[in-house]
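Now for the letters of each chain:
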Amino acid sequence: MPYTSLLYEIRPSGVAVITLNRPAVFNAFDLTLSRELLAALAAAGADEAVRVVVLTGAGRAFCAGQDLQEAQQPGTFSFKEVLETRYNPIIRAMRALPKPIVGRLNGVAAGAGCSLALACDALVASRAASLVQAFINIGLVPDSGSAYFLPRLVGRLKAFEICALGDKISADEALRLGLVNAVVEPEQLDAATDALAARYATGPARALGLLKHLLDEAAAVTLPEALVLEAEAQEQAGGSAEYREGLRAFLEKRRPDFLRA
Ligand code: T3D
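Keep in mind that this is a model prediction, so the values were computed, not measured.

Student: Which residues make up the overall build of the protein chain, and what values do they have?
Tutor: Within the protein chain, the regular secondary structure consists of 10 helices and 10 strands. Scaling as 2.2 N^0.38, a compact globule of 261 residues should have a C-alpha radius of gyration of about 18 Å, and the protein chain matches this with 19 Å. Viewed in the frame of its principal axes, the protein chain has a C-alpha envelope of about 65 × 40 × 35 Å. Relative to its 261 residues, the protein chain shows a buried fraction of 44%. Summarising the internal contacts of the protein chain: among those between residues at least 6 apart in sequence, 69% fall at separations of at least 24.

Student: Account for the pattern of salt bridges, with residues named and values stated.
Tutor: Evaluated as defined, the whole model comprises 17 salt bridges. Between Glu 9 and Arg 11 there is a salt bridge, with its nearest N and O atoms 3.2 Å apart. Under the relative-accessibility criterion, Glu 9 is labelled partly exposed at 38%. With a relative accessible area of 28%, Arg 11 lands in the partly exposed category. Asp 30 serves as the salt-bridge partner of Arg 22, at 3.4 Å between the closest nitrogen and oxygen. The pair formed by Arg 22 and Asp 30 is uniform in burial state, with each residue classed as buried.

Student: Please set out a nonpolar patch on the surface residue by residue, giving values where relevant.
Tutor: Together, Tyr 243, Leu 247, Phe 250 and Leu 251 make up a nonpolar patch on the protein surface, roughly 470 Å² of accessible area in all. Tracing the chain through its elements places Tyr 243 in helix H10 (residues 241-251).

Student: Please provide a residue-by-residue account of the packing of helix H1 (residues 31-46) against helix H2 (residues 79-96), values included.
Tutor: As a packed pair, H1 and H2 sit with axes 10 Å apart at the nearest point and diverge in direction by 20°. By the angle between their axes, H1 is roughly parallel relative to H2. Once H1 is placed against H2, the crossing between them reads as left-handed. Residue-level contacts link Leu 31, Ser 34, Leu 37, Leu 38 and Leu 41 of H1 to Arg 86, Pro 89, Ile 90, Ala 93 and Met 94 of H2. A per-class count over the contact of H1 with H2 returns eight nonpolar, one polar and one charged.

Student: Explain the domain arrangement of the protein chain to me, and be specific about the residues and the numbers.
Tutor: How big an interface is tends to be expressed through the accessible area that disappears when the partners come together. As far as domains go, the protein chain holds domain 1 (6-201) and domain 2 (205-260). On the side of domain 2, 10 residues touch domain 1, which itself brings 14 residues to the contact. Interface area for domain 1 against domain 2, summed over the two sides, is near 880 Å², with a carbon-plus-sulfur share of 49%. Counting the surface domain 1 buries against domain 2, the share from its top three residues, Arg 51, Arg 95 and Pro 98, is 54%.

Student: Go over the pairing of strand S3 (residues 52-57) with me, naming the residues and quoting the values.
Tutor: Extensive coverage of S3 is indicated by the burial of six of its six residues. By the alternation rule, side chains of S3 split into Val 52, Val 54 and Thr 56 and Val 53, Leu 55 and Gly 57, which are all buried. Bridging between strand S2 (residues 15-20) and S3 involves six bridges; their strand directions are parallel. Looking at the pairing, Leu 20 lines up with Gly 57 of S3. Of the crossover connections in this fold, the one passing from S2 over H1 to the parallel S3 is right-handed.

Student: Describe the packing of aromatic side chains, and please don't skip the residues or the numbers.
Tutor: Evaluated as defined, the whole model comprises four aromatic pairs. A centroid spacing of 5.9 Å and a plane angle of 55° characterise the contact between Tyr 3 and Tyr 8, whose relative ring orientation is tilted. On the basis of an interplanar angle of 85° and a centroid distance of 5.4 Å, the ring pair of Tyr 148 and Phe 149 is categorised as edge-to-face. The aromatic ring of Tyr 148 is capped on one face by Arg 152, whose charged end is 3.7 Å from the ring centroid.

Student: Please provide a residue-by-residue account of the site of the ligand, values included.
Tutor: Residues in contact with the ligand amount to 23 residues; listed here are only the nearest, Ala 64, Gln 66, Asp 67, Leu 68 and Ala 112. The separation between a nitrogen atom of the ligand and a polar main-chain atom of Gln 66 is 2.8 Å. Burial of the ligand by the protein chains amounts to 68% of its free accessible area of 1,000 Å². Those elements that provide at least two residues to the shell around the ligand are H2 and strand S6 (108-110). Tallying contributions element by element places H2 first for the shell around the ligand, with three residues.

What counts as what
- Residues numbered from 1 in each chain as written.
- Predicted model: local features only at pLDDT ≥ 70, side-chain atom pairs only at ≥ 80, totals over all residues.
- Heavy atoms only, no water.
- Helix = DSSP H or I, 4+ residues; strand = E, 2+ residues; numbered from the N terminus.
- Rg over C-alpha atoms; globule rule 2.2 N^0.38 Å.
- Buried < 20%, exposed > 50% of the residue type's maximum accessible area, 1.4 Å probe, protein only.
- Contact = heavy atoms within 4.5 Å.
- Salt bridge = Lys/Arg side-chain N within 4 Å of Asp/Glu carboxyl O.
- Patch = residues over 30% accessible without salt bridge, like charges linked within 9 Å, V, L, I, M, F, W, Y side chains within 5 Å.
- Areas by Shrake-Rupley, 256 points an atom, 1.4 Å probe, with all protein chains shown as cover.
- Axes fitted to C-alpha atoms, helices over the stretch in contact; angles between N-to-C directions.
- Parallel < 35°, antiparallel > 145°, perpendicular 65-115°, else oblique.
- Left-handed = near helix turned anticlockwise from the far one by under 90°.
- Nonpolar A, V, L, I, M, F, W, Y, C, P; charged D, E, K, R; others polar.
- Domains from an automatic or database assignment.
- Buried area = accessible area lost by both parts, 1.4 Å probe.
- Pairing = 2+ DSSP bridges.
- Right-handed = clockwise from strand over helix to strand, strands pointing away.
- Phe/Tyr/Trp six-rings, centres within 6.5 Å; stacked < 30°, edge-to-face > 60°.
- Lys NZ or Arg CZ within 6 Å of the ring centre and 35° of its normal.
- Near = heavy atom within 4 Å.
- Polar contact = N/O pair within 3.5 Å; in protein donor to acceptor, adjacent residues only side chain to side chain.

See below:
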């Protein structure tokens, strides 16, 4: 599919890079970008050559959420409908994708852009990046998954503070809070992101996909239910060629080659 508001690149390493590409408005979402992001996620999911997705933004920002220049007049539309038709499908697609999504946090992630970052499986941040729950600054509440992800990552008290004050959280503070995995200097962002993506791309793809869903499901159930979910997922992982290769490699004292499994 030809994209106009994002860049979609598949690298020989098995990494698909999705770059939100509306830098003049800090990669804010208009209708086209939200549709294209959903399509790109579907393309990455359907492509067997893709083992990992890297999600990032062009220019100085990661994503500033809804394009406020294009926001419709309050009272003339349903927020619920916009969220259900444009934003929520993206978040659902990210979590349903059985492949790791590494966020390359190149700059500010605000509003639904912050939600998008929090929906990634891993985040590598430039020291110049920041996260902002900007919703409250314009009289809105968190959406696109932020109210779900944030308290689970930082606890309810801190989540309330972050969402109620709407202040920028620096990359270093985000690392301290457990909101990102790593912070690097801007010029090291590509290398750090690529190194993490490469590790996932050479890992056991089936197990990584199962792991992603298992952690999501286990977060919302009781311990007895989580134990059942683990056992079911392990049944699938244990039946895979990847497990056979992993076990053989351990016994032969060599590194497993999951790409050939
Ligand atoms: O339909 C619906 O509304 C429902 C969906 C809601 C989901 C949401 O995402 S609601 C939340 C929407 N987003 C925001 O409220 C964020 C608004 N932006 C900001 O708070 C700040 O711009 C940032 C914290 C993102 C960055 O601050 P700063 O100081 O680094 O940069 P800046 O100067 O404010 O912005 C730079 C440019 O990006 C500027 O354009 P200019 O003046 O250089 O031509 C600014 O207007 C533009 N920009 C930033 N955010 C948006 C935007 N343009 C359109 N929409 C934006 N969201």
